[in-house]
Amino acid sequence: MIKRLETGPRMSQAVVHGNTVYLAGQVADDPSADVTGQTRQILANISKALAAVGAGPEHVVRTRIYLTDISRWEDVGRAHGEVFGDIRPATAMVEVAKLISPEILVEIEADAYVP
């Protein structure tokens, strides 16, 4: 059975299939923040979405991070480590030319499981 945490018409923030959670790319609620602030906000959004389906950050097994400026990787990595430092999910960090809006500097996807 598939469960969806919907964000709008024809879009899901998260999809649960069996005990696997697939979180769509998350962006900051306040895109005026710097890359560290955006990353922290995104990770809080991920935690909130996971809670809505019965999971938490400790259940994340993979993250994918998209950055518009890869030279900021350490700032993003530090913020990621604040949440996932002990969890250590498999992680990819990729530079992209642009995201959905010019003020969006980082986007993060996550895969997790529901215990």
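My aim in this report is to walk through the structure given alongside it, one point at a time.

Here is what the cut-offs are and how they apply
Residues numbered from 1 in each chain as written. Predicted model: local features only at pLDDT ≥ 70, side-chain atom pairs only at ≥ 80, totals over all residues. Heavy atoms only, no water. Helix = DSSP H or I, 4+ residues; strand = E, 2+ residues; numbered from the N terminus. Contact = heavy atoms within 4.5 Å. Salt bridge = Lys/Arg side-chain N within 4 Å of Asp/Glu carboxyl O. Expected span 1.5 Å × (residues − 1). Buried < 20%, exposed > 50% of the residue type's maximum accessible area, 1.4 Å probe, protein only. Core = buried A, V, L, I, M, F, W, Y, C linked by side-chain atoms within 4.5 Å. Polar contact = N/O pair within 3.5 Å; in protein donor to acceptor, adjacent residues only side chain to side chain.

### A closer look at the environment of Val 114
At step 1: Within the element layout of this structure, Val 114 appears in the segment after strand E6 (106-113).
At step 2: Separated by 52 residues in the primary sequence, Val 114 and Arg 62 place their C-alpha atoms 14 Å from one another.
At step 3: The contact partners of Val 114, leaving out residues within four places of it in the chain, are Val 16, Asn 19, Val 21, Val 53, Gly 54 and Ala 55.

### A look at the pattern of salt bridges
At step 1: For the structure on display, the rule yields five salt bridges.
At step 2: One salt bridge in this structure joins Glu 82 and Arg 40, with 2.6 Å as the shortest N-O distance. Of the two residues, Glu 82 sits in helix H2 (residues 73-84) while Arg 40 sits in helix H1 (residues 35-52), which places them 42 residues apart along the sequence.
At step 3: Ionic pairing is found between Asp 75 and Arg 72, a salt bridge with its closest N-O pair at 2.7 Å.
At step 4: Look at the salt bridges and you will find they share partners, linking Arg 64, Glu 109 and Asp 111 into a network.

### A word on H1
At step 1: Between its first and last C-alpha atoms H1 spans 26 Å; for 18 residues at 1.5 Å apiece the expected length is 26 Å, and the two agree.
At step 2: Following H1 by one or two positions, Gly 54 has its phi on the positive side, about 90°.

### Some points on unusual backbone geometry
At step 1: Despite not being glycine, Arg 88 shows a phi value in the positive range, around 55°.
At step 2: Note on placement: Arg 88 falls in the loop between H2 and strand E5 (90-95).
At step 3: Residue classification places Arg 88 among the exposed positions, given a relative accessible area of 69%.

### Section: the nonpolar core
Nonpolar side chains in soluble globular proteins tend to end up buried together.
At step 1: The biggest cluster of nonpolar side chains holds 23 residues, and the ones touching the most others in it are Val 21, Leu 23, Ile 46, Leu 50, Val 106 and Ile 108.
At step 2: Where this core is concerned, the elements lending two or more residues are strand E2 (11-17), strand E3 (20-26), H1, strand E4 (60-67), H2 and E6.
At step 3: Of all the elements, H1 adds the most residues to this core, at six residues.
At step 4: When neighbours within four sequence positions are excluded, Val 21 is seen to be in contact with Ala 14, Val 15, Val 16, Leu 50, Val 53, Ala 110, Asp 111, Ala 112, Tyr 113 and Val 114.

### Quick notes on the environment of Tyr 66
At step 1: Assignment of secondary structure puts Tyr 66 in strand E4.
At step 2: Sequence-distant contacts of Tyr 66, that is, excluding residues within four places in its chain, are made with Val 94, Val 96, Leu 99, Leu 105, Val 106, Glu 107 and Glu 109.
At step 3: Reaching out from Tyr 66, the side chain makes a polar contact with the side chain of Glu 109 at a distance of 3.4 Å.

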